[in-house]
Every structure is written in structure tokens, then in C-alpha cells.
Amino acid sequence: MSSGATPLDYAAWRASRLGRITERLERAAVLDLVGEPATVDVLDVGAGDGAYAVALARQSARVTALDPSAAALGAARRAARDCGERLRLVRGYAQALPFEDAAFDRVIAVTALCFVPEPDRAMSEIARVLRPGGRLVIGELGHWSAWAAWRRARALFRPSSIWRRTRFWTPRGLRRLAERAGLVPGRVWGAVFHPPLTIAAAALAPLDPWLGRATTVGAAFVALRAEKPTAFPPQGTAQDGRRG
């Protein structure tokens, strides 16, 4: 969720009916792939205002939320406090994670790598901090969707738009990204098959889980699960991850 969006942007999005429907579908896909997080150490890379971090903490996970934005981390702190949960909040970047090797059982990165200038470096860092046998879940903006076309069109007419520097991902691209970091890609889930229109979202949302299990074509959101092998080659040292 590290897009440069502010906590107010997140709140406004979730206040809209389109935002609520869309985010509910995305969150269902991600949490299904994460599996049972109870009593494990989870890192949320690009945590934004902490929506996913809090959801996982409510399932008894020990969650660290990382984001480059102090304002976003402040919002995450407030969200956790309002729910009676605790998060470890760390300001930092995906390309240089400030954690020891093999520190987490699960890592999630939701709409984070689409805005990272060096996704391969970020993925190598994620692989480094995962424990052997650990699981990564990535949720990214899909390449072949009405949403991607709409966002690219907006970028043509608005030079300052965040969509000018956004990378849209295919399932194949995400798998290759994980493989280059030494991870083993697994299940892919598509979500958000409706166009960016509220009436369409309300009508098509009930079909979304079925479509997501059948295909990723047309999905505005693509989620991938990958595992770290138990015999994993060294990817550098903890000191490398504290650079920058």
C-alpha cells in the first residue's frame, strides 16, 4: 500500500461504496493465501495505514508493519489502538529491510511492489528476512484489467499522477520475480473483476470469488503465494538489509 497515498486518501477510498467493495475482495484474497497466522511473526511491507496488519494482529499474529511514511505509521498505530491490538511499527523501505535474516514466518506486501523502483532488490530482501519454510503473499495491481487501462489513461493527461510511475503485474511476472529471489511460487488468486464503477462492483462482487479461482484474466488485483525452501542459499547478511 506504499503508493504515496496519505491516511486521508485511504479513509476517503474506504468511505466510498466502490472502495469498500473493492478492498473487501482484495483482502479476502490476501488473507486466504496467508492462511492461519496465529502466533507467528508476520511482516507487512508497505503497510500503509495498517489495515492488513491490524487484521492479522486480530488473528493473534505478532505483526511488524513497515512503511516509509511516518504519517501512515501514525495512522496504523491509531487503528491498532482503536481495535485493542499491538503492532510493531518500523519506518523503512522494501529495498533495504532493517531486520535480521530469517526473522519472520510470513511476509505480506500488498500494492507495494508496484511502486518500488527496484522490485528485484525488494524481493531479495523479503526472501532474506523470511524463515526457511516461510510464506510470502504478494498482492499487486493486475496488468490486464479495466482498472489498469483507466489508470494509464489518467496518467496520460495528468503528469503528476502516481500512475505514471506504477508497474502493473501479470501472474507470470510475479512468479518470475519470486523465482529470481529463490522462492517457490504457488497459488495465484485474481480479484476485482468489475470495472471501476460502483454499480458494476455491486452487481459483480458475488461472482468475484468464483472468477478468482478460475482465472486471473481481467482481474484488477492479482495475489501470489510463494514459499521459501527449507534449504535456501545465502542471500547476503543482515547488515546488507540495514543499508540506506
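Residues numbered from 1 in each chain as written. Predicted model: local features only at pLDDT ≥ 70, side-chain atom pairs only at ≥ 80, totals over all residues. Heavy atoms only, no water.

Asks: Just give me the short version of the packing of helix α5 (residues 119-129) against helix α7 (residues 171-180), but keep the residues and values in it.
Replies: Across the interface, α5 lies against α7 with an axial gap of 8 Å and an inter-helix angle of 55 degrees. Of the possible angle classes, the one that applies to α5 and α7 is oblique. Crossing of α5 over α7 shows right-handed handedness. The segment α5 lies against α7, with Pro 119, Asp 120 and Met 123 engaging Leu 177, Ala 178 and Arg 180. Residue composition of the contact of α5 with α7, by class: four nonpolar, no polar and two charged. (Axes fitted to C-alpha atoms, helices over the stretch in contact; angles between N-to-C directions. Helix = DSSP H or I, 4+ residues; strand = E, 2+ residues; numbered from the N terminus. Parallel < 35°, antiparallel > 145°, perpendicular 65-115°, else oblique. Left-handed = near helix turned anticlockwise from the far one by under 90°. Contact = heavy atoms within 4.5 Å. Nonpolar A, V, L, I, M, F, W, Y, C, P; charged D, E, K, R; others polar.)

Asks: Any chance you could break down the environment of Trp 144 for me, citing the residues and the numbers?
Replies: Mapped onto the secondary structure, Trp 144 falls in the loop between β5 (130-141) and α6 (146-157). By relative accessible area, Trp 144 is classed as exposed at 59%. (Buried < 20%, exposed > 50% of the residue type's maximum accessible area, 1.4 Å probe, protein only.)

Asks: Describe the sheet that holds strand β3 (residues 88-91), listing the residues and the values that go with them.
Replies: The strand order across the open sheet formed by seven strands is β3-β2-β1-β4-β5-β7-β6, and the pairing between neighbours is mixed. One side of each edge strand has no neighbouring strand; the edge strands of this open sheet are β3 and β6 (184-191). Neighbour to neighbour, the strand axes of the sheet diverge by 15 degrees on average, direction disregarded. Both strand β4 (residues 104-110) and β5 contribute to a ladder of six bridges, which runs parallel. Each residue of the ladder has a partner; that of Val 107, found in β5, is Leu 136. Each of β2 (62-67) and β3 touches helix α4 (residues 70-82); the most contacted strand, β3, lies at about 175 degrees to it. (Pairing = 2+ DSSP bridges.)

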